[in-house]
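# Structural description and commentary
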Amino acid sequence: MNKNHLRLIKCSGDKLKKIELNTVDWARQNESPDEPIAVTVKVAEDGYIPNFVNLRAQISPKLFTATVTETDLHRLEADPRVISLGTPRRLHATI
């Protein structure tokens with residue numbers, strides 16, 4: 001059985017600090033910043049969902065999954081009501 005472990009990361013500058021990295025999926029650099037990304041978001045206020053994300057599933061009053069773009073990840077990072085972001089996963093459109 002494969003266990004995923006969360007690890008604390010330190011970032012500087014404009015890097016994302018709220019992301020809990022635990023896979024190599026996000027390491028793919030040649031993807032377009034407009035490609036859809038699935039992310040789990042933990043917020044400080046019950047029911048808060050930023051208006052620029054596409055809600056996928058509400059897990060609890062303070063936890064949900066959403067589809068966003070890379071730009072949206074930076075907007076989530078800057079949002080003081082966002083506590084953390086789970087590991088982003090690129091979604092691939094079907095043709």
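Quick look at the structure, then. (Residues numbered from 1 in each chain as written. Predicted model: local features only at pLDDT ≥ 70, side-chain atom pairs only at ≥ 80, totals over all residues. Heavy atoms only, no water.)

## Re the pattern of salt bridges
In this structure the tally under the stated criterion is three salt bridges. Between Glu-45 and Arg-81 there is a salt bridge whose closest N-O contact spans 3.7 Å. Taken together, the positions of Glu-45 in the loop between β1 (37-43) and β2 (54-60) and Arg-81 in the loop between α1 (70-78) and β4 (82-85) put the pair 36 residues apart, joining distant regions of the chain. Here Asp-72 and Arg-75 are joined by a salt bridge, their closest N and O atoms 3.9 Å apart. With Asp-72 and Arg-75 both in helix α1, this residue pair falls three residues apart, about one helical turn. Residue Asp-72 is classed as buried on the basis of its relative accessible area, which comes to 10%. Its relative accessible area of 42% is what places Arg-75 among the partly exposed residues. (Salt bridge = Lys/Arg side-chain N within 4 Å of Asp/Glu carboxyl O. Helix = DSSP H or I, 4+ residues; strand = E, 2+ residues; numbered from the N terminus. Buried < 20%, exposed > 50% of the residue type's maximum accessible area, 1.4 Å probe, protein only.)

## Let's talk about the packing of aromatic side chains
Enumeration over the complete set of coordinates arrives at zero aromatic pairs. The residue whose ring lies beneath Arg-75 is Phe-52, and the NZ or CZ to ring-centre distance is 3.8 Å. (Phe/Tyr/Trp six-rings, centres within 6.5 Å; stacked < 30°, edge-to-face > 60°. Lys NZ or Arg CZ within 6 Å of the ring centre and 35° of its normal.)

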